[in-house]
Amino acid sequence: MRAKDLIPLIKTVNTYKRYGKVSRVVGLMIESIGPESSIGDVCYIHVGNGTKRKIIAEVVGFKEQHIILMPYTHIREIAPGSLVEATSKPLQIKVGPELIGRVVDSLGNPIDGMGLPTGMTTTDADRNPPNPLNRPPISEKLEVGVRPIDSLLTVGKGQRLGIFAGSGVGKSTLLGMIARNTKADINVIALIGERGREVREFIERDLGPEGLQKSIIVAATSDMPALMRIKGAFTATAIAEYFRDKGKDVMFMMDSVTRVAMGQREVGLAVGEPPATKGYTPSVFSILPQLMERTGTNENGSITAFYTVLVDGDDMNEPIADAVRGILDGHIVLDRNLANKGQFPAINILKSISRLMSGLATKEHQIAANRIRDLLSIYTNSEDLINIGAYKRGASKEIDEAIQMYPNIVSFLKQATDEKISIDDSIQSLIHLARTGEMN
Ligand SMILES: Nc1ncnc2c1ncn2[C@@H]1O[C@H](COP(=O)(O)OP(=O)(O)O)[C@@H](O)[C@H]1O
Ligand SMILES: [Mg+2]
């Protein structure tokens, strides 16, 4: 670099450091007197008496003259009077193609034991969503490689959907299948609030080496402080944005957005927000749209996103499920009854919807999809009667037809974990099934 180029750089350098002092620690909350800083700024708390150790924390509030900080890591060595150094910047992470195939934490640091090269791009973890007026409408299908989705819940490039499911119904398996099979250029997968063992299982079993090759994993496990779980969601979104700005079609997955909401609830309650619905604080309901509006299309590329929502006892009306459903362009419901019957992926077609499908599918495709939905709905409505043998064949032509077609519809909806089916094949099979009642 030439001296002339260095001058503007030198002018922007902060040549003095601002410090404050820790005055109180209550639970996860650290109060300090100074340094001058604003909400969202990162501070370093110097600990361990003359060692160079520091804890990274974020300014989450103010109380009279005091600054309230929350740590990104576990706090141990903090003492009264520990120095708090201001960075005057929000959380920044390193991004670049070097991240592909890697597993990083909420701050973007690799946790797979290998470092990152120098020269990567620095970006804010929290950014504004694209200007809605500059967002191209969603007009192109994106192959996810899972037959019931591609055919009956067709997804567009840049569409955002929720996956609603209880535990053990096949979320991780489905996300792994999508990541391996999709035609998207790259996957960015945020694993938030899972146990360490589950993260490992997802990477090794569900994703596999073939999936990891075109994926970036951001992992924030359940044992990490609340703020770290929230930041994992922001960091993963920022990584996806980087690739979208490079013109890529990104597949983004967040498992689960419920755990992000729970993290925000913890932070909200700690800084004194009033609990509202089910103990969730108001900031939970403002952070969710902030986060989810960042994915989707922009003028350069697209981020197609799947956000999983945990629904206990299949209660689709719990507050997070409700909020998420309102923000996104569709949802896929995984049904425990189907999983118990061995129907995998356990997608309940009748309870699921892709709100953009009608604009993406051809007329022929849409007609076939409607017909299969109708047959499923007729069968489901009479299922109890059929199962107890109270339905007499011949009583209704419609029901007879639905009973006859049902086994083939179920085989159409099933897909083995290692099976990869192209969207064209899926749509052709759907049209064939609707016309002839046969699987081709
Ligand atoms: N497509 C599939 N085919 C066969 N079995 C599946 C499939 N998806 C899920 N399962 C079964 O369900 C179990 C739980 O799935 P998993 O994806 O770990 O659920 P979750 O992430 O929702 O807790 C798996 O161990 C597997 O036995
Ligand atoms: Mg799982």
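Note that the structure is predicted; figures quoted are calculated from it, not measured.

### Describing the overall build of the protein chain
1) Next: In terms of regular secondary structure, the protein chain is built from 13 helices and 17 strands.
2) Next: Computed over the C-alpha atoms, the radius of gyration of the protein chain is 25 Å, within 12% of the 22 Å expected from 2.2 N^0.38 for a compact globule of 440 residues.
3) Next: By principal-axis analysis of the C-alpha atoms, the protein chain measures approximately 85 × 50 × 40 Å.
4) Next: When contacts within the protein chain are restricted to residue pairs at least 6 apart in sequence, long-range pairs at least 24 apart make up 71% of them.
5) Next: Total accessible area computed for the protein chain in this model is approximately 20300 Å², and 51% of it derives from carbon and sulfur atoms.
6) Next: The averaged location of the 51 negative side-chain charges in the protein chain is 4 Å from the averaged location of its 52 positive side-chain charges.

### Thoughts on the packing of aromatic side chains
1) Next: All chains considered together, the criterion is met by four aromatic pairs.
2) Next: Pairing Tyr242 with Phe243 gives two aromatic rings, centres 5.0 Å apart and planes at 85°, and the pair type is edge-to-face. Of the two residues, Tyr242 and Phe243, both sit in the buried class.
3) Next: Here the aromatic rings of Tyr379 and Tyr406 are separated by 3.6 Å at their centres, their planes lie at 5°, and the arrangement is stacked. Of the two residues, Tyr379 is situated in helix H11 (residues 363-387) and Tyr406 in helix H12 (residues 397-413); the sequence distance between them amounts to 27 residues.
4) Next: What makes Tyr406 buried here is its relative accessible area of 15%.

### Details of the site of ligand 1
1) Next: Near ligand 1, the surroundings consist of Ser167, Gly168, Val169, Gly170, Lys171, Ser172, Thr173, Arg205, Phe344, Gln415 and Thr417.
2) Next: At 3.4 Å, a side-chain N or O of Arg205 approaches an oxygen atom of ligand 1.
3) Next: Out of a free accessible area of 570 Å², ligand 1 has 68% covered by protein chains.
4) Next: Among the elements that take part in the shell around ligand 1, helix H3 (residues 171-181) stands out by supplying three residues, more than any other.
5) Next: Per-class residue counts for the shell around ligand 1 are two nonpolar, seven polar and two charged.

### Remarks on the sheet that holds strand E6 (residues 83-90)
1) Next: One closed barrel accounts for six strands, arranged E1-E2-E5-E4-E3-E6; its pairing is antiparallel. On average, each strand axis in the sheet is tilted by 45° relative to the strand beside it, whichever way the strands run.
2) Next: Across four bridges, strand E2 (residues 29-33) lies against strand E5 (residues 66-71) in antiparallel orientation. Within the sheet, the bridge partner assigned to Ile30 lies in E5 and is Leu69.

### Describing unusual backbone geometry
1) Next: In this structure, Pro35 follows Gly34 across a cis peptide bond, with omega equal to -10°.
2) Next: Summarising the element assignment, Pro35 is placed in the loop between E2 and strand E3 (41-46).
3) Next: Its identity as a non-glycine residue notwithstanding, Lys278 has a phi of 50°, on the positive side.

### Quick look at the pairing of E3
1) Next: Taken together, the four bridges between E3 and E6 define a ladder with antiparallel strand orientation. Counted as the bridge partner of Asp41 is Pro90 from E6.
2) Next: As paired strands, E3 and strand E4 (residues 54-63) are joined by five bridges and run antiparallel to one another. Within E4, the position partnered with Val42 by the bridge is Glu58.

### Quick notes on the packing of H12 against helix H13 (residues 423-436)
Packed helices, taken two at a time, are described by their axes: the angle between them and the distance between them.
1) Next: In the contact formed by H12 and H13, the axes pass within 11 Å of each other and the chain directions differ by 175°. With respect to H13, the axis of H12 lies roughly antiparallel. Contacts between H12 and H13 involve Met405, Asn408, Ile409 and Phe412 from the first element and Ser426, Ser429, Leu430 and Leu433 from the second.
2) Next: By residue class, the composition of the contact of H12 with H13 is five nonpolar, three polar and no charged.

### With respect to the pattern of salt bridges
1) Next: Counted by the stated rule, this structure contains 24 salt bridges.
2) Next: Measuring nitrogen to oxygen at the nearest pair gives 2.5 Å for the salt bridge that ties Arg53 to Glu77. With Arg53 in the loop between E3 and E4 and Glu77 in the loop between E5 and E6, the pair connects residues that are 24 residues apart, well separated along the chain.
3) Next: According to the relative accessible area criterion, Glu77 is partly exposed, its value standing at 37%.
4) Next: Of the charged contacts in the structure, one is a salt bridge between Asp206 and Arg205, with a shortest N-O distance of 2.9 Å.
5) Next: The class for Asp206 is buried, based on a relative accessible area of 5%.
6) Next: Residue Arg205 is classed as exposed on the basis of its relative accessible area of 54%.
7) Next: Among the charged side chains, a network of salt bridges with common partners joins Asp126, Arg127, Glu241, Asp245 and Arg294.

### Some remarks on the packing of helix H7 (residues 282-292) against helix H8 (residues 319-327)
1) Next: Interaxial distance between H7 and H8 falls to 10 Å at its minimum, and their mutual angle equals 35°. For the element pair H7 and H8, the recorded crossing hand is right-handed. Of the residues in H8, those in contact with Val284, Phe285, Leu288, Pro289 and Met292 of H7 are Pro319, Ile320, Ala323, Val324 and Ile327.
2) Next: Here the contact of H7 with H8 is built from residues that sort into 10 nonpolar, no polar and no charged.

### Let's talk about the environment of Ile431
1) Next: Mapped onto the fold, Ile431 is located in helix H13.
2) Next: Not counting residues up to four positions away in its chain, the partners in contact with Ile431 are Glu364, His365 and Ala368.

### Things to note about the layout of surface pockets
1) Next: Reported here for the largest pocket is a volume of approximately 600 Å³.
2) Next: If you go around the largest pocket, you meet 32 residues; those closest to its centre are Gly166, Ser167, Lys171, Arg259 and Leu310.
3) Next: If you list the elements that add at least two residues to the lining of the largest pocket, you get H3, helix H4 (196-212) and helix H6 (257-270).
4) Next: The greatest single-element share of the lining of the largest pocket, amounting to six residues, is contributed by H4.
5) Next: Classifying every residue of the lining of the largest pocket gives seven nonpolar, 10 polar and 15 charged.
6) Next: One number sums up the size of the second largest pocket: a volume of about 510 Å³.
7) Next: Surrounding the second largest pocket, 21 residues form its lining, Val42, Tyr44, Thr87, Lys89 and Gln92 being those nearest its centre.
8) Next: When contributions to the lining of the second largest pocket are tallied by element, the ones reaching two or more residues are E3, E6 and strand E7 (92-95).
9) Next: The dominant element in the lining of the second largest pocket, judged by the number of residues it contributes, is E6, at six residues.

How each quantity is defined
- For every chain, the first residue of the written sequence is number 1, and numbering continues from 1 onward in sequence order.
- All chains are assigned letters beginning at A, and all ligands numbers beginning at 1, according to the order in which they are written.
- Only residues with pLDDT of at least 70 get local features here, since the model is predicted, and only at 80 or more are side-chain atom pairs given and counted; chain-wide, interface and lining totals rely on the full set of residues.
- The side-chain values count all of the structure's non-hydrogen atoms but skip hydrogen atoms and water molecules.
- Helix and strand assignments come from DSSP, with helices taken as H or I runs of at least 4 residues and strands as E runs of at least 2, each series counted from the N terminus.
- Radius of gyration here is computed from C-alpha atoms only, and the compact-globule reference equals 2.2 Å multiplied by the residue count raised to the power 0.38.
- In this description, contact between two residues means that some pair of their heavy atoms is separated by no more than 4.5 Å.
- Only the protein chains shown count as cover for residues, with accessible areas throughout obtained via the Shrake-Rupley method and a probe of 1.4 Å.
- Within this scheme the basic residues Lys and Arg register as positive and the acidic residues Asp and Glu register as negative, but His and the chain ends are omitted.
- Charge positions come from single atoms, namely NZ of Lys, CZ of Arg, CG of Asp or CD of Glu.
- Within 6.5 Å between ring centres, the rings of Phe, Tyr and Trp (the latter by its six-membered ring) count as paired, and their orientation is classed by plane angle as stacked under 30 degrees, edge-to-face over 60, tilted in between.
- Note on exposure labels: buried denotes an accessible area under 20% of the residue type's maximum, exposed denotes more than 50%, and partly exposed covers the range between, all computed with a 1.4 Å probe on protein chains only.
- Residue proximity to a molecule or strand is established when one non-hydrogen atom of the residue lies within 4 Å of it.
- Within 3.5 Å is the distance limit for a polar contact, defined as a pair of N or O atoms, with the added protein rule that one can donate a hydrogen and the other accept it, and that residues adjacent in sequence qualify only through two side-chain atoms.
- Amino acid classes used here: Ala, Val, Leu, Ile, Met, Phe, Trp, Tyr, Cys and Pro are nonpolar; Asp, Glu, Lys and Arg are charged; the rest, including Gly, are polar.
- Any two strands between which DSSP finds at least two bridges are classified as paired.
- A fitted line through C-alpha atoms serves as each axis, taken over the contacting stretch for helices, and the angle formed by two N-to-C directions is quoted from 0 to 180°.
- Angles below 35 degrees are treated as roughly parallel, those above 145 as roughly antiparallel, those between 65 and 115 as roughly perpendicular, and all remaining angles as oblique.
- Put simply, a salt bridge is a Lys or Arg side-chain nitrogen that is within 4 Å of an Asp or Glu carboxyl oxygen.
- Crossings are classed by handedness, with left-handed meaning an anticlockwise turn of the near helix from the far one by less than a right angle and right-handed meaning a clockwise turn.
- The method works on a 1 Å grid over the protein atoms by themselves. A cavity is a set of points holding a 1.4 Å probe that cannot get out, a pocket is an open set with protein on both sides within 12 Å along at least five of seven lines, and residues with an atom within 4 Å of a point line them.
- Grid points are joined across faces, edges and corners, and a volume is the space filled by probe spheres set on the points.

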